[in-house]
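# Structural description and commentary
Here's the letter readout for the chains.
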Amino acid sequence: MAQRQFQTEVNQLLHLIIHSLYSNREIFLRELVSNASDALDKLKYLCVADEKYKSISFDPRIDISFKKDSDKPASSTLTIADNGIGMNEADLTESLGTIARSGTRAFLEKLTADAKKDSNLIGQFGVGFYSAFMVADKIEVISRKAGEDTAWKWSSDGKDGYDIESASRDTQGSTVILHLTEEGAEFANRWSIEDIIKRYSNHVAFPIFLTYDENEYDDKGKVKSTKTKTDRINSGTAIWRRSKSELKEEDYNEFYKQLGHDSEEPLFYVHTKAEGTLEYSTLFYIPKKAPFDMYNVDYKPGVKLYVKRVFITDDDKELMPTWLRFVRGVIDSEDLPLNVSREILQQNKVLLNIKNASVKKLLSEFKTLADNAASGSDEVKQKWETFIKEFNRPLKEGLYQDYGSREALLELVRFKSTVVEGWTSLAEYASRMKSDQKSIYYITGGDEHTLRSSPLLEAYKAKNIEVLVMDDEIDDIVIPSIGRYKKPGMAEGETAEWDIKAVNRAGADEELGEKQDKAAEKEIKPVIEKIKKALGERVKDVKLSRRLHDSPSCIVADENDPTLQMAQMLKAMGQAPMDDIKPILEVNGDHPIVAALKDVEDEARIADVAGVLLDQALLVEGIKIKDPSDFVKRLNRLLAK
């Protein structure tokens, strides 16, 4: 029996497979089970489509067994057997003697278009088999092709070549025997095998059985007897591939608890099966509670990727945009191109199309829930309230990150308001606007109570103009990026579009309709100059305010500068020094504190008043002042006088 040479630079390629291609050694079992599943699927198809095979008795199954020698770990073996299509001498030479040449791929190429649609074949690159050399120093394959009487044995140490000789096997199919290395002996273990199968191959369509020895012990803990048992270790069903009409609410909820490791039922789910140019199934769940790591940079993605029921990865952040990281579920593709290890997704149009279609479907479901909540039962309203409470913020992130989804997201995000209880949408705000109102107004900051008490709102409240209260720290980043809001559902020729303006920015008061008394403005101008001189570099400018009614002062940001809240956030991120951002101080010329400065010439007293006016305006907006002790000293001097 002459040794045959591999038809490639096998030493280099096997070294690559073993050391570089796969990140987890346990992947070898997934690959071998996938190969067995392919072999069963081929014979299943041929038993229906080819007269030559219709007489074969076929009860498809995959069997796994192991033999572990605790004294000699290197003598341990692991066996994976199937009763699928099998291989003859030529097939073994062609498929196992040539690395990176896949029998599955060749079989697919021969199928008609309709037959391809029904095929569940997994292998595409022909290197999965060789991953077994990560845990074995010798592999034997005993195979008998369906419809033939002779069996063949292929064996190799994965180094220089392989041997093929005649063998015996009772039925068609293949048996792969791994002679495990000392490190690979850990997989000759019932619990390891069950764990790997349930993680990667639980939804393979064919039953997978594990044969193992179970010991019985006496009352002293000594082995009394040993019994050989065979158990099925995969479920064989994929709920996302079943018709919705077959499934009950309990089925969906039970699968979610397994998938998301959650004791609670999901808030709702979205089940889709796409057919046509792209064929895939998706089952997405929205949890009742936001994942604990939702705001961590290294959050754990919640969507698992399968290809033809075989688990590929649950650690790919490209399956869903980051603003949908709270979604849990499954994507199962029929034809998603993968790289040879099936672990790293290639950037391709198939994945992008599945991702985009999934995002649109989820957004559509969110919109339906919102619409139903507006006129639905208390239960539906509560479901929507829960959704917004838990996931409003990541939806806002989508406004900034996902321009293509912005229009849909603008109808979903919700805000607090100065005129209504609870949450409101931009569309609802627009429906309440005054006929002559030209802009949608909002105020941002870190605390809702502080924002509602802000002096910046005084003129808007007096004129009964609604202001949206935005206390999420990301609002300062997200909302300015929107710019304008266009109300949806307008008839042809009608337009309803408004600027979205922050009340804590200079220029936002222009539409308040407050006309400055020129005489009063001229009279207060010297006071403005005094305050401006006293504050010096602490402010960008000092102006007479049109938005203050009761308070003596407030701060606003220049239209080209970030707000002070934004500047604080940037500084915390190490991106911008606070010293570079200076506020504009607006003062109320009618307030007694400001008016009293008309006749004051004492520069020390003017400096104290100006400093207190600025610091209290900062404090009211929830901004930390630089020198609290200086503020207290100034305040005490003024109180003493």
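Everything quoted here is computed from the prediction, not taken from an experiment.

## Examining the overall build of the chain
- In terms of helices and strands, the chain carries 19 helices and 22 strands.
- Contacts in the chain between residues at least 24 apart in sequence constitute 70% of all its contacts with a sequence separation of at least 6.
- Surface summary for the chain: the accessible area is close to 31900 Å², and the carbon and sulfur share equals 46%.

## Some words on helix 6 (residues 190-200)
- Buried within helix 6 we find Arg190, Ile193, Glu194, Ile196, Ile197 and Tyr200. The buried residues of helix 6 all sit within an arc of 165° when viewed along its axis, so they share a single face.

## What about the sheet that holds strand 17 (residues 467-470)?
- Sheet architecture is open: five strands sit in the order 15-17-16-19-18, paired in mixed fashion. Only two strands of the sheet have a single partner each, and these edge strands are strand 15 (416-417) and strand 18 (484-486).
- Note: strand 15 against strand 17, two bridges, orientation antiparallel. Bridge pairing in strand 17 links Ser417 to Leu468.
- Set on the sheet, helix 14 (residues 475-482) makes contact with strand 16 (439-444), strand 17, strand 18 and strand 19 (497-502); between it and strand 16 the angle comes to about 165°.

## Examining the pairing of strand 13 (residues 310-313)
- Taken together, the three bridges between strand 12 (residues 303-307) and strand 13 define a ladder with antiparallel strand orientation. Considered in strand 13, the bridge of Tyr306 is made with Phe311.

## Some words on the confidence of the model for the chain
- Put simply, the chain has an average pLDDT of 86, and 86% of its residues get 70 or more.
- Strand 3 (residues 77-82) holds the highest mean pLDDT among the elements of the chain, 97, whereas helix 5 (residues 113-118) holds the lowest, 56.

## Observations regarding the packing of helix 15 (residues 518-535) against helix 18 (residues 603-620)
- Taken N-terminus to C-terminus, the directions of helix 15 and helix 18 make an angle of 85°; their axes are 9 Å apart at the nearest point. As summarised for this structure, helix 15 and helix 18 are arranged roughly perpendicular, according to the angle between their axes. Seen from helix 15, the contacting residues are Lys530, Ile531, Lys533, Ala534 and Leu535; seen from helix 18, they are Glu603, Ile606, Ala607, Ala610, Gly611, Leu613 and Leu614.

## Considerations on the packing of aromatic side chains
- Enumeration over the complete set of coordinates arrives at 21 aromatic pairs.
- Both rings, one in Phe28 and one in Phe187, keep their centres 5.3 Å apart while their planes meet at 75°; by these two values the pair is edge-to-face. With a gap of 159 residues between them, Phe28 in helix 2 (residues 27-49) and Phe187 in the loop between strand 7 (173-180) and helix 6 connect regions that are remote in the sequence. Take Phe28 and Phe187: they sit in the same class, and that class is buried.
- Taking the centre distance of 4.7 Å and the plane angle of 45° together, the rings of Phe366 and Phe387 count as tilted. A residue pair is termed long-range when its members are at least 10 positions apart, and Phe366 in helix 8 (residues 349-375) and Phe387 in helix 9 (residues 378-401) qualify at 21 residues.
- Of the residues examined, Phe366 reaches a relative accessible area of 0% and is grouped as buried.

## Some remarks on the environment of Arg505
- Its location among the elements puts Arg505 in the loop between strand 19 and helix 15.
- Those residues in contact with Arg505, other than ones at most four positions away along the chain, are Arg547, Val556, Ala557, Asp558, Glu559, Asp561, Pro562 and Thr563.
- Reaching out from Arg505, the side chain makes a polar contact with the backbone oxygen of Asp558 at a distance of 2.7 Å.

## Comments concerning the sheet that holds strand 20 (residues 541-544)
- Across the sheet, which stays open at both edges, the three strands sit in the order 20-22-21 with mixed pairing between neighbours. Of all strands in the sheet, those bounded by a partner on one side alone are strand 20 and strand 21 (553-556). Each neighbouring strand pair of the sheet contributes to a mean axis angle of 25°, computed without reference to strand direction.
- Inspection of the sheet shows strand 21 paired to strand 22 (residues 584-587) by four bridges, in the antiparallel sense. Note on strand 22: the bridge partner recorded for Ser553 is Val587.
- Set on the sheet, helix 15 makes contact with strand 20 and strand 22; between it and strand 20 the angle comes to about 160°.

## Focus on the packing of helix 9 against helix 14
- Viewed as axis vectors pointing N to C, helix 9 and helix 14 meet at an angle of 45°, and their least axial separation amounts to 9 Å. By the criterion of interaxial angle, the relationship of helix 9 to helix 14 is oblique. In terms of crossing hand, the pair formed by helix 9 and helix 14 is left-handed. Contacts from Lys396, Leu399 and Tyr400 in helix 9 reach Asp475, Ile477, Val478, Ser481 and Ile482 in helix 14.

Parameters and conventions
Position labels on residues start from 1 in each chain and follow its written sequence. Where local features are concerned, this predicted model is filtered to residues with pLDDT of at least 70; where side-chain atom pairs are given and counted, the filter is 80 or more; whole-chain, interface and lining totals use all residues. Side-chain numbers here rest on the full set of heavy atoms in the structure, without hydrogens or water. Segments assigned H or I by DSSP are reported as helices when at least four residues long, segments assigned E as strands when at least two residues long, and all are numbered from the N terminus. The contact definition used throughout considers only heavy atoms, calling two residues in contact when any of these lie within 4.5 Å. Note that accessible areas follow from Shrake-Rupley with a 1.4 Å probe, and for residues the cover is restricted to the protein chains shown. Accessibility here uses a 1.4 Å probe with only protein chains present; expressed as a share of the type maximum, an area under 20% marks a residue as buried, one over 50% as exposed, and anything in between as partly exposed. For this quantity, the arc is that covered by the directions from the helix axis to the C-beta atoms. A pair of strands is treated as paired once DSSP finds two or more bridges between them. Axes here mean lines fitted to C-alpha atoms, for a helix over just the part in contact, with angles spanning 0 to 180 degrees between N-to-C directions. Confidence scores labelled pLDDT are given residue by residue by the predictor and lie between 0 and 100. For this classification, under 35 degrees means roughly parallel, over 145 means roughly antiparallel, 65 to 115 means roughly perpendicular, and everything else is oblique. For this analysis, a ring pair means two rings from Phe, Tyr or Trp (six-membered ring only for Trp) whose centres lie within 6.5 Å, classed as stacked if their planes differ by under 30 degrees, edge-to-face if by over 60, and tilted for the remaining angles. Identification of polar contacts relies on pairs of N or O atoms within 3.5 Å, with a donor-acceptor requirement for protein atoms, meaning one able to donate a hydrogen and the other able to accept it, and with residues adjacent in sequence counted only if both atoms are side-chain atoms. Note on convention: near helix rotated counterclockwise from far helix by under a right angle means a left-handed crossing. Clockwise means right-handed.

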